[in-house]
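The chain contents come next:
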Amino acid sequence: MFDIITEIFTTIRRNKMRTALTGFSVAWGIFILIVLLGAGNGLIHAFEMSSSECALNSIKVFPGWTSQAYDGLKAGRRIELGNNDLVLTKEAFPDNVDEVGAWLHQGGCVVSYGNEYVSADLDGYYPNVTKLESVKMLKGRFLNDIDINERRKVAVIGDNAEGILFDGVDGGALGKFINVSGVVYKVVGVMKDENKGMQHQVAIPFTTLQLIYDKGQFLNNYAFTTKGLETEEANDAFEVELRKVLGSEHRFAADDQGAVWFWNRMKQYLQTSVGMRMLQVAIWVIGIFTLLSGVVGVSNIMLITVKERTREFGIRKALGAKPHTILALVLAESVVITTFFGYIGMVAGIGVTELADSILGQSTMDNGFGSTTVFANPTVDLSIAIEATLTLVVAGTLAGFFPARKAVKIRPIEALRAE
């Protein structure tokens, strides 16, 4: 065994440049595969994190403008959603609609406490918004059904607003009374402020905002959780029926896509999941073909090695060398090259993914409703990296087997004539 190892390294030293180039193709193949897998995992992990932060089985309904003339009314008419749409949706689809809630907005408010004040957006919510959105409570409680039914003047403020208004105040904001453009609210909770703009965030009961700010029955949009809609086809069929119900209520055509529009998270999730699976397949295909380039490089160097050493192998066989010893010599050289450089590529690839994790591991962007994670944990499991490297070693060994087999079969007299 020691003699074989010594001879392998002697052969490699005699062909340093050729070995280095072949080794580079092997290392590059495994490196690219690991980096691609890491980048793909970063996107997939971010998608999974964003999906877990809100209810996937939810649909938001937004008002729009009619794109068709209908029932004597012209196109371009604004559709306004109201409280009756919540009841209508619940009653029309008892088997598919679970909890229903709505959202109402009042901008340009000034929130003050003592001598401190901030500019804020006032949002009217139903309690189920905590199930629909990624509301992170830091202190106290969120709004509840009693707040809605009794139209209480209570508020949940963002932590950024608390930091400004209640800086140095014992106990912070909980239990204190804030003034919102002349209306006093009691702070019952503090939430993580996801608003990345200049405006701060204050949540109050939906019914309270409607009453105090004279919104009538109007609402900006409404949302509900669904049940029994597990496929994209089922969600499409439900949307068609919901559009018919709303069209009958607001007098617009059942096929008018512009009158109201839906944000169906379950359908979006199903569509994106297909895209993520296709991305994974594409990454593996690209990575495997990159690995094949390294395997081809090993095969080529083995072919050249066998050709250059044909006379040597003939002399060995003439002196009594067994075929399996020559086969073992060629295969061992192939294994050494692929293992050594494959390990280098694996370590480099893992290093790059760990570096990317430290720099871009929790990248987020503002999606208009808050922040969304777009890149998270772009790393590869060590087991997968090792398995990919071992696969490369096995493939490299097989690549060296056929030239070695050719060397074993050659007759000594033919080998001695070779040039």
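Here, every reference points to the structure presented above.
Residues numbered from 1 in each chain as written. Predicted model: local features only at pLDDT ≥ 70, side-chain atom pairs only at ≥ 80, totals over all residues. Heavy atoms only, no water.

> Explain helix α3 (residues 83-92) residue by residue, including any values.
Looking only at α3, the buried set comprises N83, D85, L86 and T89. Axial view of α3: buried residues confined to an arc of 165 degrees, hence all on one face. Summarising the contacts, the buried residues of α3 are in contact with β2 (97-113), α7 (206-212), β9 (221-226) and α8 (232-250). (Buried < 20%, exposed > 50% of the residue type's maximum accessible area, 1.4 Å probe, protein only. Helix = DSSP H or I, 4+ residues; strand = E, 2+ residues; numbered from the N terminus. Arc of directions from axis to C-beta. Contact = heavy atoms within 4.5 Å.)

> Please give an account of a nonpolar patch on the surface that cites residues and values.
On the surface, V281, W284, V285, I288, F289 and L292 cluster together into a nonpolar patch covering about 560 Å² of accessible area. Here V281 lies in helix α9 (residues 265-308). (Patch = residues over 30% accessible without salt bridge, like charges linked within 9 Å, V, L, I, M, F, W, Y side chains within 5 Å. Areas by Shrake-Rupley, 256 points an atom, 1.4 Å probe, with all protein chains shown as cover. Salt bridge = Lys/Arg side-chain N within 4 Å of Asp/Glu carboxyl O.)

> So, unusual backbone geometry: which residues are in play, and what are the values?
One non-glycine residue, R151, lies in the positive phi region at around 50 degrees. Positionally, R151 belongs in the loop between α5 (145-150) and β5 (154-158). Take R151: its relative accessible area is 44%, and that puts it in the partly exposed class. Despite not being glycine, D214 has its phi angle at roughly 55 degrees, a positive value. Assignment of secondary structure puts D214 in the loop between α7 and β9. A residue is classified by how much of its surface remains accessible, and D214, at 69% relative accessible area, is exposed.

> So what's going on with the pairing of β2? Which residues, and what values?
In the sheet, β2 pairs with β9 via five bridges, with the strands oriented antiparallel. Paired with V100 across the bridge in β9 is F224. Sheet analysis places β2 next to strand β3 (residues 116-125), joined by nine bridges and oriented antiparallel. The residue bridging L104 from the neighbouring strand is G124, located in β3. Here β2 folds back onto β3 in antiparallel fashion, the turn holding two residues, of which G114 has a positive phi close to 65 degrees. Bridging between β2 and strand β6 (residues 177-180) involves two bridges; their strand directions are antiparallel. When the bridges of β6 are listed, S112 appears paired with N179. (Pairing = 2+ DSSP bridges.)

> So what's going on with the nonpolar core? Which residues, and what values?
In terms of nonpolar packing, the biggest core is built from 45 residues, with V61, L122, I178, Y185, Y222, F224 and L242 touching the most fellow members. When residues in this core are grouped by element, the largest group, six residues, is from β2. Ignoring sequence-local partners within four residues, the contact set of F224 consists of N57, S58, I59, V61, T89, V97, E99, V100, L132, F238 and L242. Core analysis: the second largest hydrophobic core is formed by 28 residues, L329, I337, M346 and V380 among them. (Core = buried A, V, L, I, M, F, W, Y, C linked by side-chain atoms within 4.5 Å.)

> So what about the side chain of D147? Which residues, and what values?
Positionally, D147 belongs in helix α5. Residue classification places D147 among the buried positions, given a relative accessible area of 0%. Apart from residues no more than four positions distant in its own chain, D147 is found in contact with R141, F142, R152, V154, P205, T207 and T208.

> For the packing of aromatic side chains, give the residues involved together with the corresponding values.
Evaluated as defined, the whole model comprises 10 aromatic pairs. Seen in terms of ring centroids, F224 and F238 are 6.1 Å apart; in terms of plane orientation they differ by 65 degrees. Their pairing is edge-to-face. Here F238 lies in helix α8 and F224 lies in strand β9, a separation of 14 residues in the sequence. Its relative accessible area of 4% is what places F238 among the buried residues. Aromatic rings pair up to connect F93, Y222, F224 and F238 into one cluster. For R78, the ring lying beneath its charged end belongs to W65, and the centroid distance is 4.4 Å. Here the guanidinium or amino end of R265 rests over the ring plane of W263, the centre of that ring lying 4.4 Å away. (Phe/Tyr/Trp six-rings, centres within 6.5 Å; stacked < 30°, edge-to-face > 60°. Lys NZ or Arg CZ within 6 Å of the ring centre and 35° of its normal.)

> A description of the packing of α3 against α8 should follow, citing residues and the corresponding values.
Running from amino to carboxyl end, α3 crosses α8 at an angle of 135 degrees, the nearest separation of the two axes being 11 Å. Classed by the angle they form, the pair α3 and α8 counts as oblique. Regarding α3 and α8, the two cross each other, and that crossing is right-handed. Residues N84, D85, L88, T89 and A92 of α3 touch α8, and the partners they reach there are L242, V245, L246, E249 and H250. Looking at the contact of α3 with α8 residue by residue, the classes come out as five nonpolar, three polar and two charged. (Axes fitted to C-alpha atoms, helices over the stretch in contact; angles between N-to-C directions. Parallel < 35°, antiparallel > 145°, perpendicular 65-115°, else oblique. Left-handed = near helix turned anticlockwise from the far one by under 90°. Nonpolar A, V, L, I, M, F, W, Y, C, P; charged D, E, K, R; others polar.)

> How would you explain the environment of L33 if you had to name every residue and give the values?
Positionally, L33 belongs in helix α2 (residues 16-52). We classify L33 as buried; its relative accessible area is 1%. The sequence separation of L33 and I286 amounts to 253 residues, and the corresponding C-alpha distance is 7.7 Å. Apart from residues lying up to four places away in sequence, L33 is in contact with W284, G287, L291 and A388.

Interpretation in functional terms is not warranted from these geometric data alone.
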